[in-house]
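An overview of the molecular structure
Listed below, chain by chain, are the residues.
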Amino acid sequence: MSQLRKLEGQSYDAIVIGAGINGASCAQQLAAAGYRCLVLDKGDFGSGATEKSARMLHIGLRFFEAENPVKHFLLHPGLFLSALRGGRQSMLGVKEHLANPGKRILPYRMCFPVYKDSGFKTWHIRSGLKMLELLGDKDVSIDPDVVQGNFQEKVPFFSDLRDQDKLLSIACYNEFKFDWPERFCTDMLLDAEKNSSVLVNYCAALIRERLPNGDWLVALRDTLNADASEVEVTAPLVLNMAGTWADEVLPPDEDRKSIVHKTKGSHIVVEMPEMYKGFGIASVNRDGLPFYILPFNKNRFSVGVTELPFDGDASAVTCSDAEVDFLIEESNTLLPGRKLGRGDVISTWSGVRPLTYSEDPLGTRVRKVRDLASMGYPGVISVTGGPIMSHRSTGRLVLDLVRTKSKPSGNVTIPNSEPFEFSDATQSEAFVPVEPEIRVKDIENSVNHEHAKTLVDVLVRRTALAWRQRVSEPDAQRAAKVVAPLLNWSESEQVSQVEQFIHYQNTAFRVPDNPGTAE
């Protein structure tokens, strides 16, 4: 029986459509402020752009990375102000997450090579780093060091870099990554649930109409149970946090302008030698867009990211062979000493960015929080262009807007941002020896207390095992046996869940065909 039946006819202070990291932050903030929320996602929590993001918690240097910066910013002072805002937002986001990082924020040393033949100058990068220290109120130690000689001392992989005779400097500074953004998402949602929010994953939502009393009627459909009946709920406020699907949840209107602009980004994962441990590399690719080689897990590194206009189903994107080859070529241009080929690619992933709509083919990265009253939807609030690193401030901005429109019906408390910790129960064995902190009890907990409904939920988003290593079919079968009695799966359902997981792993983390080593 569909869990939606019990929601029929219910009314809430706010309905949050889309439970990615920004939707989860909004739900947590509103719930702590006393708003009774219904939180919905047509897939699993955090399974869209959050899961497939670049996972960066960057300090914001990219906002100042303009070639010929004097001309760029003097001719366009608005861009300089935008860079200042972006840098400030980034530094404050880093500061906030470092206050209680647990084991989920990974620090590393970023290296930005500056060449004679690039549009970047040593003074420009040094000025940008100094600016960021000021924008962060000097509360985040980025420890900038612009190396201009004796490179091997500070950069162990220096010998792999291209055109060493043209190298002017290497800017080194501290950077950070989210190890597991979808876990942040789940933790915030569970905190919202403690404060009277109702969480429902695998539930598609469509905003139907505004009722005479000012409430919005929202239709819900169970995406795991095709036979379940549609139900309807109401609320005076609807938060459209559906990301790449934000246009689809609004009432159908052929004349309405889009609010989301989608671009596709892909990564490959490769192993790197020990001398790269603890380091990352920032550069620009042949299209003048940011390019990164970043620590990923153990001795594995992610290489990315691409940026391509996208107009399709964001739930089924994979990294194409053309994108794999592009990233390999970019890596080999930057690090000719590595000589990567397709055979070095351990896995890949792709995601779709829900950017704020603009006429630019690649959209705009400006975060926009707005009431859609001007489009005919008063009380429908949307967020576009919100990166994962600023999700906490996004939640607070949305709460400020909500407070101008309605009052909460419940009690006020304080959001809990303490990071999730794996179970340390000694009575529970490790699920796989190579990842000892992931225990059988954690798999059970993901179903019993964290709303996991499929094997993909468990192995990809609740435990992140599939991000850390390729899960074998026997291990997937063992996980299904753990989950089966908790979700009342029959033998045939277990087989189906394993097949679905293997298919997901083979597509979402696709390993390319290897026709030979690329030059």
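Look above for the structure.
What you are looking at is a predicted structure, and each value in this text was computed from that prediction instead of being measured. (Residues numbered from 1 in each chain as written. Predicted model: local features only at pLDDT ≥ 70, side-chain atom pairs only at ≥ 80, totals over all residues. Heavy atoms only, no water.)

**Some remarks on the environment of Ala171**
Heads up, the rule is: The numbering of helices and of strands both runs from the N terminus, where a helix is a DSSP run of H or I of at least 4 residues and a strand a run of E of at least 2. Relative accessibility under 20% of the residue-type maximum defines a buried residue, over 50% an exposed one, and the middle range a partly exposed one, all with a 1.4 Å probe and only protein chains included. Here, two residues are considered to be in contact whenever any of their heavy atoms come within 4.5 Å of each other.
If you trace the backbone, Ala171 turns up in strand S5 (residues 167-178). On the basis of relative accessibility, which here comes to 1%, the residue Ala171 falls in the buried class. The contact partners of Ala171, leaving out residues within four places of it in the chain, are Met110, Cys111, Phe112, Ile125, Leu129, Asp145 and Val146.

**A short note on the sheet that holds strand S18 (residues 377-384)**
So the rule is basically this: For two strands to pair, DSSP has to find at least two bridges joining them. Note on geometry: axes are lines fitted to C-alpha atoms, helical ones only across the stretch in contact, with angles between N-to-C directions running from 0 to 180 degrees.
Here six strands make up an open sheet; going across it, the order is S6-S2-S1-S10-S18-S17 and the pairing mixed. Lying at the two open borders of the sheet, with one neighbouring strand each, are strand S6 (198-200) and strand S17 (368-372). Across this sheet, the average inter-strand angle for adjacent strands is 15°, counted without regard to direction. With three bridges connecting them, strand S2 (residues 37-40) and S6 associate as parallel partners. Each bridged residue has a counterpart across the sheet, and for Leu40 the counterpart in S6 is Val200.

**Considerations on the packing of helix H1 (residues 21-32) against helix H6 (residues 181-194)**
Defined as follows: Here the word oblique covers every angle except those under 35 degrees (roughly parallel), over 145 (roughly antiparallel) and from 65 to 115 (roughly perpendicular). Helix crossings get a hand from a simple test, with the near helix turned counterclockwise from the far one by less than a right angle marking a left-handed crossing and a clockwise turn marking a right-handed one. Three categories are distinguished: nonpolar for Ala, Val, Leu, Ile, Met, Phe, Trp, Tyr, Cys and Pro, charged for Asp, Glu, Lys and Arg, and polar for the others, with Gly belonging to the last.
As a packed pair, H1 and H6 sit with axes 8 Å apart at the nearest point and diverge in direction by 25°. As the angle between them shows, H1 and H6 are arranged roughly parallel. Both H1 and H6 take part in a crossing whose hand is left-handed. Counted together, Ile21, Ala24, Ser25, Ala27, Gln28 and Ala31 of H1 and Pro181, Phe184, Cys185, Met188, Leu189, Asp191 and Ala192 of H6 form the full contact between these two elements. By residue class, the composition of the contact of H1 with H6 is ten nonpolar, two polar and one charged.

**Observations concerning the sheet that holds strand S8 (residues 216-222)**
Adjacent strands of a sheet form backbone hydrogen bonds with each other and so pair up, either parallel or antiparallel. Ordered in space as S7-S8-S9, the three strands form an open sheet in which the pairing is antiparallel. Each of the sheet's edge strands pairs with one partner strand only, and the pair in question is strand S7 (203-210) and strand S9 (231-235). With direction set aside, neighbouring strand axes in the sheet form an average angle of 30°.

**Here we look at the packing of helix H9 (residues 440-448) against helix H12 (residues 473-487)**
For the pair H9 and H12, interaxial distance at closest approach is 10 Å and the crossing angle is 30°. One element, H9, and the other, H12, form an angle in the roughly parallel class. Classified by chirality, the crossing of H12 by H9 is right-handed. Two secondary-structure elements touch here, H9 through Val440, Ile443, Glu444, Val447 and Asn448 and H12 through Val482, Val483, Leu486 and Leu487. For the contact of H9 with H12, a count of residues per class yields seven nonpolar, one polar and one charged.

**Describing the packing of aromatic side chains**
Note the threshold: Any two rings among Phe, Tyr and Trp, with Trp reduced to its six-membered ring, count as a pair given centres within 6.5 Å; such a pair is stacked if its planes are under 30 degrees apart, edge-to-face if over 60, and tilted if neither. Only Lys NZ and Arg CZ are tested; either one counts as a charge over a ring when it is within 6 Å of the ring centre and within 35 degrees of the ring normal.
Inspection of the entire model under this criterion finds twelve aromatic pairs. Centroid distance Trp467 to Phe509: 4.8 Å. Interplanar angle 75°. Geometry classified as edge-to-face. With Trp467 in helix H11 (residues 465-468) and Phe509 in the segment after helix H13 (491-508), this pair connects stretches of sequence that are 42 residues apart. Residue Trp467 shares its accessibility class with Phe509, and that shared class is buried. Here the aromatic rings of Tyr504 and Phe509 are separated by 6.2 Å at their centres, their planes lie at 80°, and the arrangement is edge-to-face. Comparing Tyr504 with Phe509 shows no difference in burial state: the two are buried. Directly above the aromatic system of Trp467 lies the positively charged group of Arg55, at a separation of 3.8 Å from the ring centroid.

**Some remarks on unusual backbone geometry**
Note that the residue after Gly304, namely Val305, is joined by a cis bond; omega there is 20°. Turning to its location among the elements, Val305 is positioned in the loop between strand S14 (300-304) and strand S15 (308-309). Its identity as a non-glycine residue notwithstanding, Ser196 has a phi of 75°, on the positive side. With respect to the helices and strands, Ser196 occurs in the loop between H6 and S6. A residue is classified by how much of its surface remains accessible, and Ser196, at 52% relative accessible area, is exposed. For Ala464, which is not glycine, the phi torsion reads 60° and is therefore positive.

**Regarding the pattern of salt bridges**
Test applied: Should a side-chain nitrogen of Lys or Arg be within 4 Å of a carboxyl oxygen of Asp or Glu, the pair is scored as a salt bridge.
Taken as a whole and assessed by the stated rule, the structure comprises 28 salt bridges. Between Arg338 and Asp160 there is a salt bridge, and its shortest N-O distance comes to 3.0 Å. Placement of Arg338 in the loop between helix H7 (321-334) and strand S16 (345-356) and of Asp160 in the loop between helix H5 (151-154) and S5 is noted, with a sequence separation of 178 residues between them. With relative accessibility at 25%, the residue Arg338 sits in the partly exposed group. Arg183 serves as the salt-bridge partner of Glu450, at 2.9 Å between the closest nitrogen and oxygen. A residue pair is termed long-range when its members are at least 10 positions apart, and Glu450 in the loop between H9 and helix H10 (455-462) and Arg183 in helix H6 qualify at 267 residues. Here Glu450 matches Arg183 in class, with each residue buried.

**Description of H9**
As a reminder, the rule being used: Note that the arc is computed from the directions linking the helix axis to the C-beta atoms.
Taken together, the buried positions of H9 are occupied by Val440, Asp442, Ile443, Ser446 and Val447. Buried residues along H9 cover an arc of 170° about the axis, so they all sit on one side. Lining the buried residues of H9 we find H10 and H12.

**A closer look at the pairing of strand S1 (residues 14-17)**
Put simply, the test is: By convention a crossover is right-handed if, when the strands point away from the viewer, the path from the first strand over the helix to the second runs clockwise.
Neither face of S1 is left uncovered, since the one carrying Ala14 and Val16 and the one carrying Ile15 and Ile17 both have all their residues buried. Pairing between S1 and S2: four bridges, direction parallel. Across the sheet, Ala14 pairs through a bridge with Cys37, a residue of S2. A crossover connection joins S1 to the parallel S2 through H1; in handedness this β-α-β unit is right-handed. Judged from the four bridges that link them, S1 and strand S10 (residues 237-240) form a sheet pairing that is parallel. Across the sheet, Val16 pairs through a bridge with Leu239, a residue of S10.

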